[in-house]
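# Structure assessment
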Amino acid sequence: MKRTFIFAIAALLLTACGNSTQKQTSTAADSDTMKVEPDTATVPQTSLTKDTTAVDGRTSATALPNHTSYNGKLMVSPQRNASVTVTMGGKIHSTPLMPGIFVRRGTVIAVIDNPAFIDLQRDFMESRAQLAYLESEYNRQNRLSMQEAASQKHFQQSKADYMTMKTRYQASAMQLRNMGVSLSGLIKGGIRPYFYVHAPISGYVANLKINLGKYLQTGDPICDIIDKGNPMLCLTAYEKDLGKLSVGNRVQFRVNGMGNRTFYATVSSISQEVDDTNRSIEVYARIKGNNARFRPGMYVTAHVENR
């Protein structure tokens, strides 16, 4: 009985010692773990402090401090964009035009039928013939008046008739010239039934407004002709950007629909008027070189290099 009790006490002491040793080991391991955690936690903090360059996700351009980004579009200068209108109303007799075709300067782009054109030609031819006679009569009366062989009344009448006919002749001649009619051709070839509208510049046809049989009033548009030989940029800036812009600034730009290809231009002028609605300012730049795919109105994203 005593021996059994002694063995029970010994077993209890051994169990207590084992638990104590396990707790100390667990406490030491936890202590080591707590010491390691601060070291591993500082790694991502160190990596975030590195200096990096921001990249524009849409244009793939770095946000450099000496570049400012603008939106805009391609355009042509007013000297290379001609609106063709009729100087005399009439019905479209024929036209070779189709949107997008290329025409050369002087090409006939429309033939117009109007009886008033025939009357104008007749007036020119008649006034020209009578002017020659009245000029001769005026010179004769002038000589007689100087010799006091004719009355001043006849001289003054011949002068009035001559000046009236001269004015009539000049007016009809000017009207025909404004319509593109060759006066020498009219004198040699006689009266024509139709008058012709000629292309004022070489370029591509746009905004075609006519068809066969359509009647046009004086001043009505026929089409636009666009010369794409020297395209330009029209960029939108704002009041806060004025200090960064000046004539001569270099421009890098990309055209919508033409991928990541970069083109170059130079600022040529800056608008002197601010839009009342959005407070914007238009900046114009001349493109270096050309590309057959350029079309007026295509959107662009540009970076202007600040000096």
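In this report, the structure presented in the accompanying data block is examined. Just so it is clear, the model here is predicted, and its values are computed rather than measured. Sequence order as written defines the numbering, with residues in each chain counted from 1. Local features in a predicted model are, by the rule used here, given only for residues with pLDDT of at least 70; side-chain atom pairs are given and counted only at 80 or more, and totals for whole chains, interfaces and linings are based on all residues. Hydrogens and waters are ignored; side-chain quantities use all the structure's heavy atoms.

### A word on empty space enclosed by the protein
The line we're drawing: Cavity and pocket criteria rest on a 1 Å grid covering protein atoms alone: a 1.4 Å probe that fits but cannot get out defines a cavity, protein on both sides within 12 Å along at least 5 of 7 lines defines an open pocket, and an atom within 4 Å of a point defines a lining residue. Grid points are joined across faces, edges and corners, and a volume is the space filled by probe spheres set on the points. Lys, Arg, Asp and Glu make up the charged group, whereas Ala, Val, Leu, Ile, Met, Phe, Trp, Tyr, Cys and Pro make up the nonpolar group; the residues left over, Gly among them, are polar.
Tallied over the full model, the rule gives one cavity of 30 Å³ or more. Taken together, the residues of the lining of the largest cavity break down into six nonpolar, no polar and two charged.

### Here's the deal with the pattern of salt bridges
Quick note on the threshold: Salt bridge, as applied in this entry: a Lys or Arg side-chain nitrogen positioned within 4 Å of an Asp or Glu carboxyl oxygen. What counts as a helix is a DSSP run of H or I of at least four residues, what counts as a strand is a run of E of at least two, and both are numbered from the N terminus.
If you walk through the whole model with that rule in mind, you get nine salt bridges. Of the charged contacts in the structure, one is a salt bridge between Arg-168 and Asp-123, with a shortest N-O distance of 2.5 Å. Here the residue Arg-168 occupies a position in helix α3 (residues 152–178), and Asp-123 occupies one in helix α2 (residues 115–146), the gap between them amounting to 45 residues. Residue Arg-279 pairs with Glu-239 through a salt bridge whose shortest N-O separation is 3.1 Å. Of the two residues, Arg-279 is situated in the loop between β12 (263–270) and β13 (280–287) and Glu-239 in the loop between β10 (232–238) and β11 (250–255); the sequence distance between them amounts to 40 residues. Connected through salt bridges with shared partners, the residues Asp-123, Glu-126 and Arg-168 form a single ionic network.

### Description of the layout of surface pockets
By volume, the second largest pocket amounts to about 210 Å³. Around the second largest pocket, the lining residues are Val-84, Thr-85, Val-86, Thr-87, Asn-178, Met-179, Gly-180, Phe-195, Tyr-196, Val-197, His-198 and Pro-200. Those elements that place two or more of their residues in the lining of the second largest pocket are β2 (81–85) and β6 (194–198). Residue contributions to the lining of the second largest pocket peak at four residues, all from β6. For the lining of the second largest pocket, the per-class residue count stands at seven nonpolar, five polar and no charged.

### Notes on the packing of aromatic side chains
Note the cut-off: Ring pairs are drawn from Phe, Tyr and Trp, using the six-membered ring of Trp, whenever the two centres fall within 6.5 Å, and their geometry is named by plane angle: stacked under 30 degrees, edge-to-face over 60, tilted for the rest. Note on criteria: charge over ring means Lys NZ or Arg CZ within 6 Å of the ring centre, with the direction from the centre no more than 35 degrees off the ring normal.
The full count for this structure, using the stated rule, is seven aromatic pairs. The ring of Tyr-204 has Lys-228 lying over it, and the distance from NZ or CZ to the ring centre is 5.1 Å.

### With respect to the sheet that holds β2
Counted only if it meets this: Pairs of strands are assigned from DSSP output, requiring at least two bridges between the strands.
Pairing is antiparallel across the open sheet formed by four strands, whose spatial order is β2-β9-β7-β4. Of all strands in the sheet, those bounded by a partner on one side alone are β2 and β4 (102–103).

### Quick look at the sheet that holds strand β3 (residues 90–94)
Strand order in the open sheet formed by four strands is β6-β5-β3-β8, with antiparallel pairing between adjacent strands. The strands lining the two open edges of the sheet, one partner per strand, are β6 and β8 (215–216).

### Brief notes about the side chain of Gln-121
Note the cut-off: For every residue, the accessible area obtained with a 1.4 Å probe (protein chains only) is divided by the maximum for its type, and the residue is called buried under 20%, exposed over 50%, and partly exposed between those limits. Nitrogen and oxygen atoms within 3.5 Å of one another constitute a polar contact, given that in protein one can donate a hydrogen and the other can accept it, and given that sequence-neighbouring residues count only through two side-chain atoms. In this analysis, two residues are considered to be in contact whenever any of their non-hydrogen atoms come within 4.5 Å of each other.
Note on placement: Gln-121 falls in helix α2. By relative accessible area, Gln-121 is classed as buried at 0%. Engagement of the side chain of Gln-121 in a polar contact is seen with the backbone oxygen of Arg-192, the distance being 2.7 Å. Apart from residues no more than four positions distant in its own chain, Gln-121 is found in contact with Leu-176, Leu-186, Gly-190, Ile-191 and Arg-192.

### Brief notes about the packing of α2 against α3
Formally: A fitted line through C-alpha atoms represents every axis, and for helices the fit uses only the stretch in contact; the resulting angles, taken between N-to-C directions, go from 0 to 180 degrees. Put simply, angles under 35 degrees are roughly parallel, angles over 145 are roughly antiparallel, angles from 65 to 115 are roughly perpendicular, and the rest are oblique. If you view the pair so one helix is near and one far, a crossing is left-handed when the near helix is turned anticlockwise from the far one by less than a right angle, and right-handed when it is turned clockwise.
The contact between α2 and α3 brings their axes to 7 Å, and the two run at 150°. As judged from the angle between their axes, α2 and α3 are roughly antiparallel. By crossing handedness, the relation of α2 to α3 is classed as left-handed. Tallied by class, residues from the contact of α2 with α3 come to twelve nonpolar, eleven polar and nine charged.

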